[in-house]
Amino acid sequence: MEAGEARELWKAAAEGNVERVQSLLESGADICEGNDEGLTPLMMAAQNGHAEVVRALLRAGAPWNALNPAGKCAGDFAMEAGHQEAFDVLLDAGMQAELILGIVARQTKRAEDGEKPYLQQRVEYSEGKLTDEENKGVMMAWENPLMAAHAKAICANGGHVLNVGFGMGLVDTSIQSHNPASHTIIEAHPEVYKRMLETGWGEKRNVRILFGRWQDVLPQLDSYDGIFFDTYGEFYDDLKEFHEHLPKILKKGGIYSYFNGLCATNAFFHVVYCQLVALELARLGLTTQFIPLPVKDCLDEETWLGVYHKYWQLDTYFLPVCQAEEDENEEDTVNAS
Ligand SMILES: C[S@@+](CC[C@H](N)C(=O)[O-])C[C@H]1O[C@@H](n2cnc3c(N)ncnc32)[C@H](O)[C@@H]1O
């Protein structure tokens, strides 16, 4: 394609000229070519809020998830500029593609294939963090306010509570402050389990520890009023698999929450995955709300010193509060009496 044609496509996309965009595409203009800053026609249309052009480019095969060198996709541009319609079109495209292909989650998985499995690695507790052999942050103290909010959400109904993944014990310490009737903790890593015992978790009155992978201890579970899930070294497919068990282990009206770190290095991918999880949970009979919590102030560059990977790069944390539907028959019985 000639450079002039590329410039014309960028101009037409940025100006919202859908007919011109279509005729340039028909004459062979490259839909993926970016300008000097790496902005593609789709990003330019999104940035300027031209939803019709966004639709036309997506229909013609523009990838919804292409990133510019700064790590932003078209959805990020629409979101930052507040263009709701263009944002919605891109969100829909992202969800459709991920439902079928799971591109973003599988890219993450492929990148980590071939590594020593986390559960076979040594872990180290040091000031404010728990790290694996590669110095990746398994858990870090900056998450403490988030863990307190998760604990509050899942303990809202009182009763019996389950937490999957002990880590630094932050969420479990908060759960204890709500004094649940029982508090079950599943933990699979032998060194983390050892730490739990050394720090007295084995002797707490209402605590039951199940040592093993959640996948293996499932038959030992009861049903709970609140459940929190936060493991490490697992993938989106594992979270999905855990969700399939919720109808059995979460009581009617019970609250479920999970550490919401899916695709947390890109704001728009993160939104796509929030919506995908909400959709998947709706199919299982749970309603989901995301409570925005600002996290910018808990995180400065010093937080990440000595940690291999900055696993969180967003300014807001969306705390999922998911509730299992009440039994309709139960309501009918109450209404009838
Ligand atoms: C991110 S940390 C949990 C942090 C915890 N929420 C807190 O407040 O400190 C993840 C924990 O899950 C454990 N884990 C990883 N895979 C697991 C699995 N399949 N079953 C149970 N625990 C697992 C890890 O050993 C680690 O202790």
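Residues numbered from 1 in each chain as written. Predicted model: local features only at pLDDT ≥ 70, side-chain atom pairs only at ≥ 80, totals over all residues.

Describe the overall build of the protein chain, listing the residues and the values that go with them.
The secondary structure content of the protein chain amounts to 14 helices and 10 strands. For the protein chain, the spread of C-alpha atoms along the principal axes amounts to about 75 × 60 × 35 Å. For the protein chain, the residues scored as buried account for 37% of the 337 residues in total. Sequence-distant contacts in the protein chain: of pairs separated by 6 or more residues, those separated by 24 or more amount to 69%. (Helix = DSSP H or I, 4+ residues; strand = E, 2+ residues; numbered from the N terminus. Buried ≥ 20, exposed ≤ 12 C-beta atoms within 10 Å, placed from the backbone. Contact = placed C-beta atoms within 7 Å.)

Tell me what's going on with the environment of glutamate 26, and back it up with residues and numbers.
Structurally, the position occupied by glutamate 26 is in helix H2 (residues 18-26). Residue classification places glutamate 26 among the exposed residues on the basis of 9 C-beta atoms within 10 Å. With 12 residues separating them in the primary sequence, glutamate 26 and alanine 14 have C-alpha atoms 18 Å apart.

Just give me the short version of unusual backbone geometry, but keep the residues and values in it.
Backbone geometry at asparagine 135 places phi at a positive 70 degrees, although glycine is not the residue there. Exposure remark for asparagine 135: the 12 C-beta atoms within 10 Å place this residue in the exposed category. Positive phi is not limited to glycine here, since cysteine 263 has a value of about 50 degrees.

So what's going on with the site of the ligand? Residues and values would help.
Every one of the 23 residues lining the ligand counts as a neighbour, but Gly165, Gly167, Leu170, Val171 and His189 are closest to it. Looking at the shell around the ligand, the elements that each hand over two or more residues are strand S3 (137-140), helix H9 (170-177) and strand S5 (182-187). Across the shell around the ligand, the residue classes break down as 13 nonpolar, six polar and four charged. (Near = placed C-beta within 6 Å. Nonpolar A, V, L, I, M, F, W, Y, C, P; charged D, E, K, R; others polar.)

I'd like to hear about the sheet that holds strand S2 (residues 129-131), residue by residue, with values.
Here we have three strands laid out as an open sheet, ordered S1-S2-S3, and antiparallel in their pairing. Edge positions in the open sheet fall to strand S1 (124-126) and S3, since each of these has one partner strand only. For this sheet, the mean inter-axis angle between neighbouring strands, taken without regard to orientation, is 15 degrees. The pairing of S2 with S3 spans three bridges and is antiparallel. Residue threonine 131 lies in a different strand from S3, and its bridge partner there is glycine 137. (Pairing = 2+ DSSP bridges. Axes fitted to C-alpha atoms, helices over the stretch in contact; angles between N-to-C directions.)

Help me get a handle on the packing of helix H6 (residues 84-101) against helix H13 (residues 267-283), residues and values and all.
It is at 9 Å that the axes of H6 and H13 come closest, and there the two elements cross at 65 degrees. Regarding H6 and H13, the two cross each other, and that crossing is right-handed. Here Leu91, Gly94, Met95, Glu98 and Leu99 of H6 come into contact with H13, specifically with Val271, Val272, Gln275 and Leu276. Its residues placed into classes, the contact of H6 with H13 shows six nonpolar, two polar and one charged. (Left-handed = near helix turned anticlockwise from the far one by under 90°.)

Describe the domain arrangement of the protein chain, and please don't skip the residues or the numbers.
On domain assignment, one finds that the protein chain holds domain 1 (3-101) and domain 2 (118-336). Distance between the C-alpha centres of domain 1 and domain 2: 36 Å. With 10 residues of domain 1 at the contact, the number on the domain 2 side is seven residues. Those elements that provide at least two residues to the side of domain 1 that touches domain 2 are helix H5 (74-81) and H6. In terms of residue count, the dominant contributor to the side of domain 1 that touches domain 2 is H6 (five residues). A per-class count over the side of domain 1 that touches domain 2 returns five nonpolar, three polar and two charged. (Domains from an automatic or database assignment.)

So what's going on with the sheet that holds strand S10 (residues 316-324)? Residues and values would help.
For sheets, the rule is that strands pair by backbone hydrogen bonds, running either parallel or antiparallel. Spatial ordering of the open sheet is given by S6-S5-S4-S7-S8-S10-S9, a layout of seven strands whose pairing is mixed. Either end of the sheet is taken by a strand with one partner, and the two such strands are strand S6 (207-211) and strand S9 (286-294). Within the sheet, the average angular offset between the axes of one strand and its neighbour, ignoring direction, is 15 degrees. Note: S9 against S10, nine bridges, orientation antiparallel. Each bridged residue has a counterpart across the sheet, and for proline 292 the counterpart in S10 is phenylalanine 318. Helix-sheet contacts for helix H8 (residues 144-154) involve strand S4 (160-164), strand S7 (224-229), strand S8 (250-258), S9 and S10, and the interaxial angle to S10 is about 15 degrees.

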